[in-house]
Amino acid sequence: MDYKNVKGTHDVFLKEADDYSYVEQTMKMIAELFSFKEVRPPVLEYSEVFVRSVGDSSDIVRKEMYTFLDKGNRSITLRPEFTAGIVRLVNQNKLLFNNELPLKTYYCGPVFRYERPQLGRYRQFNQFGVEALGHNSPYVDIDVIVLAYTILNSLGLENVTLKINTLGDDASREAYKKALKDYFANFIDNMCEDCKNRFVTNPLRILDCKVPEDQEIAKKAPKIFDYLSNESKDRFEIITTALDEMGIPYEIDDQLVRGLDYYSETVFEFHYTSNLGNNYGAIGAGGHYGNLIHELGGEKLPGVGFSFGVERIVSVLKDNNLLDNKEDSGLMFYVMPLDKKCNLLAEMITNQIRIFGYSADMCFDNIKVGSMFKRADKRSAKYAILLGEDELNNNKFVLKNLSTKEQSTYDLEDLEEVLNNELENDEHECCCGHDHEHCQCHHDE
Ligand code: AMP
């Protein structure tokens, strides 16, 4: 039988795994610059955490959660998103009491949703995101949006489309939901089954329907701006003014409602169509939430966050050739035992070199020396260390610079000094192998 990965999951290996690390490290580094600190909630949470927060009218809770009873008959869910778990973690550990607010956190890891697999849509995928908790200033929302934008720019993604909307405060949203219900009541019998459900549970969701006929109806629905309280209007104005002043382009999209129940006030999404024309959907999204912390047993304090889909970001970067120069930096030393008898010495020297702080690997096959050089070449090794019987018997080693082809024999006891000197000289060398004074390249031409 052939074993295959589970439908909707994907294997990441070798160069692509490096790409993922590069993207995630870049995101973490910039989040740290913005003074966000890492949190690592567990993958497993009690199902209630998501049902209460993401909302039982959301597609995630209704159709997409990986939920099971554990052996103690407790309902457990593999996290379909991070926010609820982080709020649970923060409440449980009382982090909003002893820290300056907002508490600024970031996270990175896998999430699970039972969705129909398609371009940019997996059942296990990775999210990187942030949550800033416990402070109501609109400038916290701005800080979070600016961070997301800065990360995308640092990865080389220019011309990102930031779509932004406001869902208003609770009173504005209730008034708006009522207006939507009155409007959709005339059409709902002819709309999709999901919309019929949304009409009862949360009519805002209808605006998010992907069925073209329903979208046409939704386009003519009442607009949130006509139902906003003055406070919500002012808040949104502060945010858009700041984006204008900071030169961050955006589009106001009054159909943007987001798929999770806990959002209020500011919501946003980042979109990007790659150079190959692939549209992977939103590459990141987020918003402000007024009641979630309280819903999950904490204080009446708000939060704001966003989440990037790491797979989608890697895909757009790849399509735009923005990962091409992130080549494997190669191996510094390739150690070649020329005889079986030299294997132990090779292993010991290889390890010694690693302890000096240089990358090293040995050839585990006792093959012809020419084949070993080919392997060294394939690994982009800078140096070969050759160990034959003579070297073994006389405590020597041969060091060969694989670009200049120069080689010399040295005493084993001088290994560290020789390698350090060699690498120091190498730093002064040009790509042609000569030192810069005698360089024969024509760099200026
Ligand atoms: P959400 O929590 O639904 O707002 O999703 C945040 C981000 O995760 C989205 O903007 C996507 O980039 C990414 N994402 C959501 N669902 C998937 C999926 N099924 N596969 C891959 N990425 C996804």
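Now for a look at the structure at hand. Fair warning: this is a prediction, and the values are worked out from it, not measured in the lab. (Residues numbered from 1 in each chain as written. Predicted model: local features only at pLDDT ≥ 70, side-chain atom pairs only at ≥ 80, totals over all residues. Heavy atoms only, no water.)

1. What to know about the sheet that holds strand β3 (residues 66–69)
Inference 1: The antiparallel open sheet is built from 3 strands, whose spatial order is β2-β4-β3. The sheet is open, and its two edges are formed by β2 (44–46) and β3, each paired on a single side. Adjacent strand axes in the sheet meet at a mean angle of 35 degrees, parallel and antiparallel pairs treated alike.
Inference 2: Along the sheet face, helix α2 (residues 47–54) touches β2, β3 and β4 (75–78) and points at about 70 degrees away from the line of β2. (Pairing = 2+ DSSP bridges. Helix = DSSP H or I, 4+ residues; strand = E, 2+ residues; numbered from the N terminus. Axes fitted to C-alpha atoms, helices over the stretch in contact; angles between N-to-C directions. Contact = heavy atoms within 4.5 Å.)

2. With respect to the sheet that holds strand β11 (residues 303–309)
Inference 1: Across the sheet, 8 strands lie side by side as β1-β5-β6-β11-β10-β9-β7-β8; this open sheet has mixed pairing. The sheet is open, and its two edges are formed by β1 (37–38) and β8 (251–252), each paired on a single side.
Inference 2: Bridge count between strand β7 (residues 161–166) and strand β9 (residues 264–273): 6 bridges; the pairing is antiparallel. For Asn 165, the partnering residue across the bridge sits in β9 and is Val 267.
Inference 3: Packed on one face of the sheet, helix α1 (residues 15–33) meets β1, β5 (103–112), β6 (124–133) and β11 and runs near 165 degrees to β5.
Inference 4: Contacts from helix α5 (residues 138–154) reach β5, β6, β7, β9, β10 (279–289) and β11 within the one sheet, and its direction differs from that of β11 by about 15 degrees.

3. A word on the site of the ligand
Inference 1: The immediate surroundings of the ligand are formed by 15 residues, with Arg 113, Glu 115, Tyr 122, Arg 258 and Ala 282 found nearest.
Inference 2: Between Tyr 122 and the ligand, the recorded distance is 2.8 Å, taken from a backbone N or O atom to a nitrogen atom.
Inference 3: Within the side chain of Gln 127, one N or O atom sits 3.2 Å away from an oxygen atom of the ligand.
Inference 4: At the level of secondary structure, the elements contributing two or more residues to the shell around the ligand comprise β6, β10 and β11.
Inference 5: Per element, the largest residue contribution to the shell around the ligand is 4 residues, and it comes from β10.
Inference 6: Split into classes, the residues belonging to the shell around the ligand amount to 5 nonpolar, 5 polar and 5 charged. (Near = heavy atom within 4 Å. Polar contact = N/O pair within 3.5 Å; in protein donor to acceptor, adjacent residues only side chain to side chain. Nonpolar A, V, L, I, M, F, W, Y, C, P; charged D, E, K, R; others polar.)

4. Comments concerning the pattern of salt bridges
Inference 1: Scanning all chains against the criterion turns up 28 salt bridges.
Inference 2: Here Glu 295 makes a salt bridge to Arg 52, at a shortest N to O gap of 3.3 Å. Taken together, the residues span a long stretch of sequence, with Glu 295 in helix α10 (residues 292–295) and Arg 52 in helix α2 at a distance of 243 residues.
Inference 3: Measuring nitrogen to oxygen at the nearest pair gives 2.8 Å for the salt bridge that ties Arg 375 to Asp 365. Here Arg 375, found in helix α13 (residues 369–378), pairs with Asp 365, found in the loop between β13 (360–362) and α13; they are 10 residues apart in sequence, far enough to count as distant.
Inference 4: Exposure remark for Arg 375: the relative accessible area of 33% places this residue in the partly exposed category.
Inference 5: In the salt-bridge network here, residues are joined through shared partners; they are Asp 59, Arg 62, Lys 63, Asp 194 and Arg 198. (Salt bridge = Lys/Arg side-chain N within 4 Å of Asp/Glu carboxyl O. Buried < 20%, exposed > 50% of the residue type's maximum accessible area, 1.4 Å probe, protein only.)

5. Observations regarding helix α9 (residues 230–245)
Inference 1: Spanning 16 residues, α9 covers 22 Å between terminal C-alpha atoms, matching the ideal 22 Å at 1.5 Å per step.
Inference 2: Buried within α9 we find Ser 232, Arg 235, Phe 236, Ile 239, Thr 240, Ala 242 and Leu 243. Projected onto a plane normal to the axis of α9, the buried residues spread over an arc of 155 degrees and lie on a single side. Within α9, the exposed residues directed more than 90 degrees away from the buried face are Asn 230, Glu 231, Glu 237 and Glu 245.
Inference 3: A positive phi of about 70 degrees marks Gly 247, the residue just after α9. (Expected span 1.5 Å × (residues − 1). Arc of directions from axis to C-beta.)

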